[in-house]
Amino acid sequence: MSGESVKLEPGQLVLSRRPGEQLTIKVGDVVGTITIARVHRQSRSVRIALQFPRSVEIRRTELLQGATE
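Not measured: the values here are computed from a predicted model.

Here is what the cut-offs are and how they apply
Residues numbered from 1 in each chain as written. Predicted model: local features only at pLDDT ≥ 70, side-chain atom pairs only at ≥ 80, totals over all residues. Heavy atoms only, no water. Helix = DSSP H or I, 4+ residues; strand = E, 2+ residues; numbered from the N terminus. Contact = heavy atoms within 4.5 Å. pLDDT = per-residue confidence, 0-100. Buried < 20%, exposed > 50% of the residue type's maximum accessible area, 1.4 Å probe, protein only. Pairing = 2+ DSSP bridges. Polar contact = N/O pair within 3.5 Å; in protein donor to acceptor, adjacent residues only side chain to side chain.

Trainee: I'd like a description of the overall build of the protein chain, backed by residues and values.
Mentor: For the protein chain, the helix and strand inventory stands at one helix and three strands. Secondary structure elements of the protein chain, listed N to C terminal, follow the sequence β-β-β-α. For the protein chain, contacts bridging at least 24 residues in sequence account for 13% of all contacts bridging at least 6.

Trainee: Break down the confidence of the model for the protein chain for me, citing the residues and quoting the values.
Mentor: Chain-level statistics for the protein chain give a pLDDT mean of 87 and a share of 88% at 70 or above. Averaged over each element, pLDDT in the protein chain is lowest for helix α1 (residues 61–68) (76) and highest for strand β1 (residues 22–27) (95).

Trainee: Provide a residue-level description of the pairing of β1, including the pertinent values.
Mentor: Summarising burial for β1: zero of the six residues are buried, a small minority. Sheet analysis places β1 next to strand β2 (residues 30–40), joined by six bridges and oriented antiparallel. For Ile25, the partnering residue across the bridge sits in β2 and is Gly32.

Trainee: Before we move on, could you go through the side chain of Thr35 and cite the residues and values that matter?
Mentor: On the secondary structure map, Thr35 appears in strand β2. Among the polar contacts listed, one links the side chain of Thr35 to the side chain of Gln22, at a separation of 3.0 Å. Leave out the neighbours within four places in its chain, and Thr35 touches Gly20, Glu21, Gln22, Arg47, Ile48 and Ala49.

Rendered as structure tokens:
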């Protein structure tokens, strides 16, 4: 994953985390956490764990894009 870059829109926040570290997100009264569960160096992917109330919809962007085309 090192050496790769993704074009980001102005104003985006980029944070670095290690396996086991978390981010806490609060929107209004809703609080959730994102945990870096595992980094797969060979496949260059990251496994993340999302813990949010069931009322929060979490969707994969590539599936949403495919549904609108």
